[in-house]
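So the chains spell out like this:
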Amino acid sequence: MGLPEPRTDGTAFVTGASAGIGAEIARELARRGHGVTLVARRRERLEELAAELSDGHGVRAEVLPADLTDPGARAALPARVEALGLEVDVLVNNAGFGTSGCFHQADVEREIQQVRILVEAVVDLTGRFLPPMVERRSGAVLNVASTAGYAALPRMAGYGAAKAWARSFTQAVHEEVKRFGIAVTALCPGPVETEFFDVSGPTPIENVIPKPAWVDAELCARVALDGLERNRVEVVPGRAMQAIVAAGRVTPHEVRGPLFGRFFR
Ligand SMILES: NC(=O)c1ccc[n+]([C@@H]2O[C@H](COP(=O)([O-])OP(=O)(O)OC[C@H]3O[C@@H](n4cnc5c(N)ncnc54)[C@H](OP(=O)(O)O)[C@@H]3O)[C@@H](O)[C@H]2O)c1
């Protein structure tokens, strides 16, 4: 069990493939011989990456521009994949952004958009693409969570909670479908240098996690796909973040909460 063997009418459906971690996961999948279907809002970026991957690796690379916060756009995706004559063998739920600041001062509409992309879209796409994998007894799902999902994060309350949801959802579904030969893994990176911090604005993470503990998107993609190959329930790229996560796990919330409240500014 792990990543299914690449096949001509199968595809790896990667959300948030126009930038950052999603683009690197698509590159790594193509390097491993998988055809990809690239999904995000910025069509030109997706088309550039698709050309790079089909030229560089000889794989089939399709683009399906979509705003994944829009339920109607999501509902149309299975038929758009079918119209290409493809079946989704690998689903990568990666698209996202993060809000920060005290919740009582938050832009509630933006918080709701965050839930739509980090939670609702993952439920929806997994609900649409996982059942056919179970029927075929073959497939893999990678959910991009975060180390922000390991502990409640003051000043990133909504983001941390959404990523905790992604971890919990992944762990449960992982157990449910392993008997059908389906791999389900959560990628839980600490900070990664991507456009995330331009889109989300300054976050407390940048002040708290020292630069040597940051990893690059390429390493994230490699660790994620190696984890999926072995059906690991979750993977954390980089030794420094692994150590930070391990320390956090043995520290009770009563201690951690006030400490984070002090440092996450
Ligand atoms: N960077 C980090 O430090 C870090 C750490 C841990 C976890 N993560 C997680 O990693 C994932 C990818 O983030 P990143 O760091 O690669 O950020 P990024 O460089 O900003 O990329 C975000 C991707 O999500 C897509 N996206 C955003 N809103 C979308 C929407 N409404 N519909 C469709 N696509 C949408 C963007 O594409 P368009 O704008 O073209 O739509 C882009 O491709 C996120 O889930 C993030 O929470 C990031």
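Here, the structure is the one placed above.
The following paragraphs examine the structure supplied in this document.

Each value, and the rule that gives it
Residues numbered from 1 in each chain as written. Predicted model: local features only at pLDDT ≥ 70, side-chain atom pairs only at ≥ 80, totals over all residues. Helix = DSSP H or I, 4+ residues; strand = E, 2+ residues; numbered from the N terminus. Rg over C-alpha atoms; globule rule 2.2 N^0.38 Å. Contact = placed C-beta atoms within 7 Å. Buried ≥ 20, exposed ≤ 12 C-beta atoms within 10 Å, placed from the backbone. Core = buried A, V, L, I, M, F, W, Y, C linked by C-beta atoms within 7 Å. Axes fitted to C-alpha atoms, helices over the stretch in contact; angles between N-to-C directions. Parallel < 35°, antiparallel > 145°, perpendicular 65-115°, else oblique. Nonpolar A, V, L, I, M, F, W, Y, C, P; charged D, E, K, R; others polar. Near = placed C-beta within 6 Å. Pairing = 2+ DSSP bridges. Left-handed = near helix turned anticlockwise from the far one by under 90°.

**Some words on the overall build of the protein chain**
Here is step 1 of the chain: Helix and strand counts for the protein chain come out as 11 helices and 7 strands.
Here is step 2 of the chain: Radius of gyration (C-alpha) of the protein chain: 18 Å, near the 18 Å computed for a compact globule of 265 residues.
Here is step 3 of the chain: On the principal axes, the C-alpha backbone points of the protein chain span a range of 55 × 35 × 30 Å.
Here is step 4 of the chain: Considering only residue pairs separated by 6 or more positions, the protein chain has 72% of its internal contacts joining residues 24 or more positions apart.

**Some remarks on the environment of Val245**
Here is step 1 of the chain: Structurally, Val245 is set in helix 10 (residues 239–249).
Here is step 2 of the chain: Accessibility expressed as a C-beta count within 10 Å gives 16 for Val245, which makes it partly exposed.
Here is step 3 of the chain: Val245 sits 235 residues away from Gly10 along the chain, and the two C-alpha atoms are 36 Å apart.
Here is step 4 of the chain: Setting aside residues no more than four positions away along its own chain, Val245 makes contact with Thr147, Tyr150 and Val236.

**Brief notes about the nonpolar core**
Here is step 1 of the chain: Core analysis: the largest hydrophobic core is formed by 70 residues, its most contacted members being Phe13, Val14, Ala26, Val36, Leu38 and Ala224.
Here is step 2 of the chain: Once you skip the residues sitting within four places of it in the chain, Ala224 turns out to touch Ile25, Leu142, Thr185, Leu187 and Val235.

**Here we look at the packing of helix 5 (residues 108–136) against helix 6 (residues 157–177)**
Here is step 1 of the chain: Two elements in contact, helix 5 and helix 6, have axes separated by 10 Å at closest approach and are oriented at 10°. Between helix 5 and helix 6, the angle is such that the two are roughly parallel. Contacts between helix 5 and helix 6 pair Glu111, Gln114, Val115, Leu118, Val119, Val122 and Val134 from the former with Gly158, Tyr159, Ala162, Trp165, Ala166, Phe169 and Val177 from the latter.
Here is step 2 of the chain: When the residues that make up the contact of helix 5 with helix 6 are grouped by side-chain class, the tally is 11 nonpolar, 2 polar and 1 charged.

**What to know about the site of the ligand**
Here is step 1 of the chain: Contacts to the ligand come from 29 residues, most closely from Gly16, Gly20, Arg41, Arg42 and Gly96.
Here is step 2 of the chain: Contributing elements (two or more residues each) for the shell around the ligand: helix 1 (20–31) and helix 7 (196–200).
Here is step 3 of the chain: With 3 residues, the top contributor of residues to the shell around the ligand is helix 1.
Here is step 4 of the chain: Among the residues making up the shell around the ligand, the classes are represented as 14 nonpolar, 10 polar and 5 charged.

**Considering the sheet that holds strand 7 (residues 234–235)**
Here is step 1 of the chain: The sheet built from 7 strands is open, its strands ordered 3-2-1-4-5-6-7 with parallel pairing. Edge strands, defined here as strands with exactly one partner in the open sheet, are strand 3 (61–63) and strand 7.
Here is step 2 of the chain: The pairing of strand 5 (residues 139–144) with strand 6 (residues 182–187) spans 6 bridges and is parallel. The residue bridging Asn143 from the neighbouring strand is Ala186, located in strand 6.
Here is step 3 of the chain: Across the sheet, helix 1 touches strand 1 (10–15), strand 2 (36–39), strand 3, strand 4 (87–93) and strand 5, and the angle it forms with strand 1 is around 165°.
Here is step 4 of the chain: Where helix 2 (residues 43–57) meets the sheet, it contacts strand 2 and strand 3, and its direction lies at approximately 175° from that of strand 3.

**Focus: unusual backbone geometry**
Here is step 1 of the chain: Even without being glycine, Arg155 reaches a positive phi, approximately 75°.
Here is step 2 of the chain: The residue Arg155 is located in the loop between strand 5 and helix 6 in this model.
Here is step 3 of the chain: The backbone phi angle of Asn231 is positive, close to 50°, even though this residue is not glycine.
Here is step 4 of the chain: Relative to the elements of secondary structure, Asn231 occurs in the loop between helix 9 (217–229) and strand 7.

**Comments concerning the packing of helix 1 against helix 2**
Here is step 1 of the chain: Direction vectors running N to C along helix 1 and helix 2 enclose 20°, while the axes themselves pass 10 Å from each other. The angle between helix 1 and helix 2 places the two elements in the roughly parallel class. Our pair here, helix 1 against helix 2, has a crossing hand that is right-handed. Residues Ala23, Ala26, Arg27, Ala30 and Arg31 of helix 1 touch helix 2, and the partners they reach there are Leu49, Leu53 and His57.
Here is step 2 of the chain: The residue makeup of the contact of helix 1 with helix 2, split by class, is 5 nonpolar, 1 polar and 2 charged.

**Structural notes on the pairing of strand 1**
Here is step 1 of the chain: Counting buried positions over the 6 residues of strand 1 gives 5, a clear majority of the element.
Here is step 2 of the chain: Relative to strand 4, strand 1 is paired through 5 bridges, and the arrangement is parallel. Looking at strand 4, one finds that Gly10 is bridged to Glu87.
Here is step 3 of the chain: In the sheet, strand 1 pairs with strand 2 via 4 bridges, with the strands oriented parallel. Bridge pairing in strand 2 links Val14 to Leu38.

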